[in-house]
Amino acid sequence: MSEPSPFEKETALPDELLFAREKTLLGFKPRFDKIHDQLRLLLNSGELQAWNNKHHKGKLAVTELVAEQYPLVIFHGDIGTGKTAMAECIANRLVAESRSEDSILFKLSNRVRGGGLVGEMGTLLADAFHKVAQSAGKHRRAILIIDEGDSLGASRVQEHSHHEDKVAVNTLIQGVDRLRDYGGRVVVFLCTNRLSVLDPALRRRAAIIEEFRRPDAEQRKALFEMDLGALELDAIQLEALVKATGEQNDNPAWTYSDIRTRLYPRALSMAFPAQALNYDHLIEAAQTLKASPVMEDR
């Protein structure tokens, strides 16, 4: 009987479904453009010396410093703000740009936390890094996405930190360290709701740290226009939906996930199967639901 995979999924890149999903992510292009150049540098660190030789006769010392970056990208922010989906689509776009073949996107499963046996979590995590590196081999690319990274990378100095948790953090750090040998062909995206909880040594290794926030009024309006275009809602109706999903009294503004996985299904359930979806269903659903609570980063 084969051992269970440490990964939730393994996706060959580039992937057409991720290209399609990219189009549904509000703000994908601005976010991608913002970090594109640094990510490209990270993914091609193995070619920096050749570039240095060509353009600077090999004398540009900072090239070596940049090439020593850790292949770690941290996306942090509140629950439901699209960190993991953005990481998957950005990875897919970068692999497509690089024209890499046989590239794999690995998404770590929470099974790596194990069943409580001594040393199990560290062993499973080490095995995951080994399989990712093995997949890259000598010529391919591999992307590892770690969701809910604070559950594996929490600071080792926390009072409630157990021995197993400390071992997991050490293993995570060692895994990232070893991936530098692959010259940017293996990159880790770590997504977390609580940046401050991550171990300082892990945060120091991040080449890029990008924050994700709940959508503001303009972004929520753009989301409704994109998702509900077929309903042809007028400006007054759109503004009412934007207001209903905004910050009110002690309730925070809605997340992308709140709108797409809670508001829309509730509204559709009111319409289906007898009538067409309309504004009344949407505003009633918005007024009867509340935004998910804010995940405190402390």
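In case you missed it, the structure is sitting above this.
Note that the structure is predicted; figures quoted are calculated from it, not measured. (Residues numbered from 1 in each chain as written. Predicted model: local features only at pLDDT ≥ 70, side-chain atom pairs only at ≥ 80, totals over all residues. Heavy atoms only, no water.)

What about the packing of helix α10 (residues 217–227) against helix α12 (residues 256–271)?
Thought 1: Running from amino to carboxyl end, α10 crosses α12 at an angle of 40 degrees, the nearest separation of the two axes being 11 Å. With respect to α12, the axis of α10 lies oblique. Crossing of α10 over α12 shows right-handed handedness. For the pair formed by α10 and α12, the contact residues are Gln219, Arg220, Leu223, Phe224, Met226 and Asp227 on the first element and Tyr256, Ile259, Arg260, Leu263 and Tyr264 on the second. (Axes fitted to C-alpha atoms, helices over the stretch in contact; angles between N-to-C directions. Helix = DSSP H or I, 4+ residues; strand = E, 2+ residues; numbered from the N terminus. Parallel < 35°, antiparallel > 145°, perpendicular 65-115°, else oblique. Left-handed = near helix turned anticlockwise from the far one by under 90°. Contact = heavy atoms within 4.5 Å.)

Description of the side chain of Thr245
Thought 1: Position of Thr245 relative to the elements: it lies in the loop between α11 (235–244) and α12.
Thought 2: A polar atom in the side chain of Thr245 sits 3.2 Å from the backbone oxygen of Val242. (Polar contact = N/O pair within 3.5 Å; in protein donor to acceptor, adjacent residues only side chain to side chain.)

Points about the nonpolar core
Thought 1: Core analysis: the biggest nonpolar cluster contains 32 residues, and Leu72, Leu108, Phe129, Leu144, Ile146 and Leu190 have the highest contact counts within it.
Thought 2: Mapped onto this core, the elements with two or more residues apiece are β2 (72–77), β3 (103–108), α6 (120–136), β4 (142–146), α8 (163–178), β5 (186–192) and α9 (200–205). (Core = buried A, V, L, I, M, F, W, Y, C linked by side-chain atoms within 4.5 Å. Buried < 20%, exposed > 50% of the residue type's maximum accessible area, 1.4 Å probe, protein only.)

Digging into the environment of Met121
Thought 1: Tracing the sequence through the fold places Met121 in helix α6.
Thought 2: We classify Met121 as buried; its relative accessible area is 3%.
Thought 3: Linking Met121 and Leu94, residues 27 residues apart in sequence, is a C-alpha distance of 31 Å.

Some words on α8
Thought 1: The end-to-end C-alpha separation of α8 is 23 Å, in line with the 22 Å expected for 16 residues at 1.5 Å each.
Thought 2: Taken residue by residue, α8 has Glu164, Asp165, Ala168, Val169, Thr171, Leu172, Ile173, Gly175 and Val176 as its buried positions.
Thought 3: Along its buried surface, α8 packs onto β2, α6, β4, α7 (150–153), β5 and α9. (Expected span 1.5 Å × (residues − 1).)

Quick word on the sheet that holds β2
Thought 1: Across the sheet, 6 strands lie side by side as β1-β3-β4-β5-β2-β6; this open sheet has mixed pairing. This sheet does not close on itself; its edge strands, each paired only once, are β1 (7–13) and β6 (208–212). Sheet twist, expressed as the mean angle between neighbouring strand axes with direction ignored, is 15 degrees.
Thought 2: Strand contacts of α6: β1, β3, β4 and β5, with the helix running at about 170 degrees to β3, the strand carrying the most contacts. (Pairing = 2+ DSSP bridges.)

Concerning the pairing of β5
Thought 1: Within β5, 7 of the 7 residues are buried, which leaves the element mostly enclosed by the surrounding structure.
Thought 2: Residues Val186, Val188, Leu190 and Thr192 of β5 are buried on one face, and the alternating residues Val187, Phe189 and Cys191, pointing to the opposite face, are buried as well.
Thought 3: Bridge count for β2 against β5 is 5 bridges, and the pairing is parallel. Directly across from Leu72, in β5, lies its bridge partner Val188.
Thought 4: When β4 meets β5, the two strands line up parallel, connected through 5 bridges. Bridge pairing in β5 places Leu144 opposite Val188.

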